[in-house]
Amino acid sequence: MPPLSQLLVSRDRQYFDLFEEASGNIVRAADLLDQMLRSYPERADLARDILICEQDGDRITHDIIRRLNETFVTPIDREDIYALASGLDDVVDYTEEVADYLGLYQIEAPMEQAQRLAHVLLQASRQIAEAMPRLRNFDDISHYTVEVNRLENDGDRITREAVASLFHGGIDPMVVIRWKDIFERLEAAIDATETVANILEGIVIKNS
């Protein structure tokens, strides 16, 4: 049997492996949504692939929580592991809800602001995925977190513009309600990336 120190190192690495897998999964989901909205409705079928990402995210989160319940010693605080896993899962959940709503609401063509928001989400998700490997050694990630915060501010501005545009030009009230729901889910997904960035930054500061 390997010495205890080797077992602990192996377990440490497993958490980081799972977090990197989860961050890659949010990029995949966001990339698929970006493609879906750019070519909607021709690529409406991508909703199925986004649902698979959501299911993968649930599996990764379950694996992390299971390890937490089985492991006495963890590489970072238990509450930080749980918060980070939950935050990453939220990004994919909201992304999948957007794809789902496009079909449920029988959206015929995307609004330009939705396409811009999906691209902001993709950029923010990429920043998270690029920052995640630095967590292993608690390296500085401020470059990435600053960029995620900037992107989140862009997302807020685009969402405000988008919602305001719904109330001009005599748009059918049912269309307004449907698109407002979609914009709110897109904003929630982008907000979730900022939450993840803030959690990552807190972990690095606490452990460096």
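As the structure is a computational prediction, the values presented were derived from the model and not from experiment.

Caption draft 1: Examining the overall build of the protein more closely. Of the regular secondary structure elements, the protein holds six helices and zero strands. Secondary structure elements in the protein, listed N-terminal to C-terminal, are α-α-α-α-α-α. Its C-alpha atoms give the protein a radius of gyration of 19 Å, near enough to 17 Å, the size a compact globule of 208 residues would have. Principal-axis analysis of the C-alpha atoms gives the protein an extent of 70 × 30 × 25 Å. Taken over 208 residues, the protein has a buried fraction of 45%. Counting only contacts in the protein whose residues sit at least 6 apart along the sequence, the fraction spanning at least 24 positions is 83%.

Caption draft 2: How the structure looks around the packing of helix 3 (residues 78-104) against helix 6 (residues 173-207). Relative orientation of the contacting elements helix 3 and helix 6 amounts to 165°, with a least axis distance of 9 Å. Between helix 3 and helix 6, the crossing angle belongs to the class labelled roughly antiparallel. You can see that helix 3 and helix 6 cross each other, and the crossing is left-handed. Here the contact of helix 3 with helix 6 is composed, by residue class, of 18 nonpolar, three polar and six charged.

Caption draft 3: Region of interest: helix 4 (residues 112-131). The end-to-end C-alpha distance of helix 4, which contains 20 residues, comes to 29 Å, matching closely the 28 Å that a straight helix rising 1.5 Å per residue would cover. Among all positions in helix 4, only Gln-113, Ala-114, Leu-117, Ala-118, Val-120, Leu-121, Leu-122, Ala-124, Ser-125, Gln-127, Ile-128 and Ala-131 are buried.

Caption draft 4: Spotlight on the environment of Leu-122. Along the polypeptide, Leu-122 turns up in helix 4. The buried category is assigned to Leu-122, whose relative accessible area is 1%. Sequence spacing of Leu-122 and Gly-87 is 35 residues, and the spatial spacing of their C-alpha atoms is 16 Å. Discounting chain neighbours no more than four positions away, the residues touching Leu-122 are Val-27, Ala-30, Asp-31 and Asp-34.

Caption draft 5: Local environment of the nonpolar core. With 66 residues, the main nonpolar core has Phe-19, Leu-33, Leu-84 and Leu-135 as its most contacted residues. Secondary structure elements with two or more residues in this core: helix 1 (4-38), helix 2 (46-70), helix 3, helix 4, helix 5 (142-166) and helix 6. Looking at which element gives the most residues to this core, the answer is helix 6, with 14 residues. Here Leu-84 is in contact with Phe-19, Met-132, Leu-135, Val-196, Ile-199, Leu-200 and Ile-203, once residues within four sequence places are set aside.

Caption draft 6: Representation of the side chain of Glu-194. Note on placement: Glu-194 falls in helix 6. Among buried Asp, Glu, Lys and Arg side chains, Glu-194 stands out as unpaired, with Arg-160 the closest opposite charge at 11 Å. Setting aside its immediate chain neighbours within four residues, Glu-194 contacts Val-148, Asn-149 and Glu-152.

Caption draft 7: Just helix 3, in detail. Over its 27 residues, helix 3 runs 38 Å from end to end, which matches the ideal 39 Å to within 8%, given 1.5 Å per residue. With its phi angle positive at about 50°, Gln-106 sits one or two positions after the end of helix 3.

Caption draft 8: Examining unusual backbone geometry more closely. Going from Tyr-40 to Pro-41, the amide bond is cis rather than trans, its omega being 5°. Along the chain, Pro-41 turns up in the loop between helix 1 and helix 2. For Gln-106, which is not glycine, the phi torsion reads 50° and is therefore positive. Relative to the helices and strands, Gln-106 is located in the loop between helix 3 and helix 4. Although it is not a glycine, Phe-138 sits at a positive phi angle of roughly 55°. Within the secondary structure, Phe-138 sits in the loop between helix 4 and helix 5.

Caption draft 9: Region of the structure containing the environment of Glu-21. The residue Glu-21 is located in helix 1 in this model. The spacing of Glu-21 and Met-132 is 111 residues in sequence and 9.6 Å in space, taken between C-alpha atoms. Glu-21 has contacts with Arg-59 and Ile-60, leaving out every residue within four places of it along the chain.

Procedures and definitions
Residues numbered from 1 in each chain as written. Predicted model: local features only at pLDDT ≥ 70, side-chain atom pairs only at ≥ 80, totals over all residues. Heavy atoms only, no water. Helix = DSSP H or I, 4+ residues; strand = E, 2+ residues; numbered from the N terminus. Rg over C-alpha atoms; globule rule 2.2 N^0.38 Å. Buried < 20%, exposed > 50% of the residue type's maximum accessible area, 1.4 Å probe, protein only. Contact = heavy atoms within 4.5 Å. Axes fitted to C-alpha atoms, helices over the stretch in contact; angles between N-to-C directions. Parallel < 35°, antiparallel > 145°, perpendicular 65-115°, else oblique. Left-handed = near helix turned anticlockwise from the far one by under 90°. Nonpolar A, V, L, I, M, F, W, Y, C, P; charged D, E, K, R; others polar. Expected span 1.5 Å × (residues − 1). Core = buried A, V, L, I, M, F, W, Y, C linked by side-chain atoms within 4.5 Å. Lys, Arg positive; Asp, Glu negative; His and termini not counted. Salt bridge = Lys/Arg side-chain N within 4 Å of Asp/Glu carboxyl O.

The values reported here are purely geometric and, on their own, carry no functional implication.
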